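# Breakdown of the fold
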Amino acid sequence: MTYEKHFYDGAWQTSSGNESIAVMSSATEQEFARVPRGTADDVDRAVKAARRGFDSWSRLPVEERAQWLEKLAAAMKTRVPQIAEAIAHEVGTALGFATKVQAEFPIMMIGMNAKFIRDAKLEEELGNSLVIKEPIGVVGCVTPWNYPLHQAVCKIAPALAAGCTIVLKPAEMAPLSAFMLAEAALEIGLPKGVINIVSGSGRVVGEAIIAHSDVDMVSFTGSLQAGRRIASVAGDGIKKVCLELGGKSAFVVLDDAPFDKAIPAGVNNCMQNSGQTCSAWTRMLVPRARHDEAVELAKAQLAKLTLGDPFDRNTRLGPLASSGQRDSVLGLIEQGKKEGAVLVTGGGRPSHLPTGYYVEPTIFANVDNRMAIAQEEIFGPVLAIIPYDTDADAITIANDSPYGLAGGVWAGTPERALAAAKQMRTGQVDINGGRFNVLAPFGGYKKSGIGREVGPLAIEEFFQLKSIQR
Ligand code: NAD
């Protein structure tokens, strides 16, 4: 599964550099694919192609753009098995989950954006003004490795629907689904310059995209650290920037919640994709009087989530995406132990899985919210159970985080859960088991980011407003 060329201007293009990036399988620790390591020259050509493409794409009638998105979704649908397999290797996602959530779900979202743009209101009369929504231009997209196709689609689909063209740099560790998107674009004959993809490092290719004078907007998903750098480079060019950054989300279990339902749901949420999920509920807040009961239920639920080879049908939790990720998670687990959190289960590398970037799913109890394991995004299978005394304390602890991406509340009644949810400074809150909604905007308060993705409102990020007075 090797790709030797970048994709821009409607065709595969030889890289101006001669290096490539090895893509590793997280379960075998073996190289299983390669992609080109792009250069600033490659970026320059790709951005120029996107700029040329913008002139015609932005003028296409909405209905035609919507139809292109539907064709792209159909072409991607035929690639679901390859996409899921690639991501199971790259990220360690269990194959069943990879098929549904890493492949089928983002492909469905491509098609949904066709409907969103058909339904969008692009002109409005305000007094003596006609206010028009126009596509912002060329969008530079930089994405992480944890949900590689989903993160790319969250940017590309609404951007294209709005009339923008894009240049994407996928994550070095999980670039393959982006190349499959390029194959699909080529197969359907998507107009030249609409989707452009250059693989490579963040420092070289990512920064070249963000700094390029022909890029009008930057949409980034990734770490807080990289987000800071990207915002400053984009700021230098006075470019609009959307940032989807990290999280340390709290799940508040109130004292009248049905613990037998709430605690397993909280554990499942935290452990999804082996904890490599930005919105994961990694802090579970429980009333002090019911702390030990919650710990026992959490431990029992975790024991049901089998750790193993992502290609084994019984596996729920696969390995982490890289040795670096594994070592960083193990480092934070050690810090938790040193800081005095009670290790309930896990806490190291599984002896029965010596090969692969595995970390035992881990629960810490009696965690103080000031500890590093409660403040830092671990991005691995580690749950911190934090006791609280009153409902007001629970909200204070939930909000005592640099991040504000997601969260949950479970209470005895929907009214009580809603009242708590309204007090949480975070972009999404699921109450009493509320399911993920593809129509709901997703994004962060505080250091979790700027802007929103997902659903019809995500398209708004890719518009400029023009007022015409008459
Ligand atoms: P990362 O920040 O290391 O890398 C993300 C992308 O940015 C990669 O493509 C990387 O090459 C690129 N990059 C890094 N430095 C750059 C620079 N200076 N200029 C331009 N590009 C640069 O993040 P990661 O380790 O790939 O992903 C994990 C992080 O992503 C976690 O913090 C997670 O919470 C976050 N995330 C957030 C969301 C969200 O929607 N809020 C979703 C998924 C992941």
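Definitions and cut-offs
Once a new chain begins, its residue numbering starts again from 1 and follows that chain's sequence as written. This being a predicted model, a pLDDT of at least 70 is required before a residue's local features are given, and a value of 80 or more before pairs of side-chain atoms are given or counted; all residues contribute to the totals for chains, interfaces and linings. Excluded from the side-chain calculations are hydrogens and water; all other atoms, namely the structure's heavy atoms, are used. Labels follow the DSSP assignment, with helices taken as runs of H or I lasting at least four residues and strands as runs of E lasting at least two, numbered in each case from the N terminus. As defined in this context, the radius of gyration uses C-alpha atoms, and a globule is described by 2.2 Å times the residue total to the power 0.38. Burial classes follow relative accessibility: with a 1.4 Å probe on protein chains only, a residue under 20% of its type's maximum area counts as buried, one over 50% as exposed, and anything between as partly exposed. Pairs of residues are marked as contacts when any of their non-hydrogen atoms sit within 4.5 Å. Each accessible area is a Shrake-Rupley estimate made with a 1.4 Å probe; only the visible protein chains count as cover when residues are assessed. Lys and Arg are tallied as positive, Asp and Glu as negative. Neither His nor the chain termini are counted. Here the site of a charge means atom NZ of a Lys, CZ of an Arg, CG of an Asp or CD of a Glu. The pairing test for Phe, Tyr and Trp rings, Trp by its six-membered ring, is centres within 6.5 Å, and the orientation test on the planes gives stacked under 30 degrees, edge-to-face over 60, and tilted for anything in between. By definition, a salt bridge exists where a carboxyl oxygen of Asp or Glu is found within 4 Å of a side-chain nitrogen of Lys or Arg.

### With respect to the overall build of the protein
The secondary structure content of the protein amounts to 14 helices and 22 strands. For a compact globule of 470 residues, the expected C-alpha radius of gyration is about 23 Å, and the protein comes in at 22 Å, within 12% of that figure. Taking the principal axes of the C-alpha coordinates as reference, the protein spans close to 65 × 60 × 40 Å. Split into buried and exposed, the 470 residues of the protein put 58% on the buried side. For the protein, the proportion of contacts with a sequence separation of at least 24, taken over those separated by at least 6, is 73%. Summed over all atoms, the accessible surface of the protein reaches about 18,400 Å², with 51% contributed by carbon and sulfur. Looking at the protein, you have 48 positive and 52 negative side-chain charges, and the mean spots of the two groups are 2 Å apart.

### Overview of the packing of aromatic side chains
Each aromatic ring pair is specified by the distance between its two centres and by the angle formed by the two planes. For the coordinates displayed, the defined rule picks out 7 aromatic pairs. Taken together, a centroid distance of 5.5 Å and an interplanar angle of 80 degrees make the contact between Trp 145 and Phe 379 edge-to-face. Remark: Phe 379 occurs in the loop between helix H12 (372–375) and strand E16 (382–388) and Trp 145 occurs in the loop between strand E7 (138–142) and helix H5 (148–162); sequence separation between them is 234 residues. By relative accessible area, which is 14% here, Trp 145 ends up buried. Each ring, one from Phe 251 and one from Trp 281, has its centre 4.5 Å from the other, and the planes form 20 degrees; the classification is stacked. Placement of Phe 251 in strand E12 (residues 250–253) and of Trp 281 in the loop between helix H9 (259–271) and strand E13 (283–287) is noted, with a sequence separation of 30 residues between them. Each member of the pair Phe 251 and Trp 281 is classed as buried.

### Comments concerning the pattern of salt bridges
Per the counting criterion, the structure on display carries 28 salt bridges. Arg 51 serves as the salt-bridge partner of Asp 214, at 3.8 Å between the closest nitrogen and oxygen. Note that Asp 214 is positioned in the loop between helix H7 (202–211) and strand E10 (217–221) and Arg 51 in helix H1 (residues 40–57), a separation of 163 residues in sequence. The salt bridge involving Arg 118 is made with Glu 63; its shortest N-O contact spans 2.7 Å.

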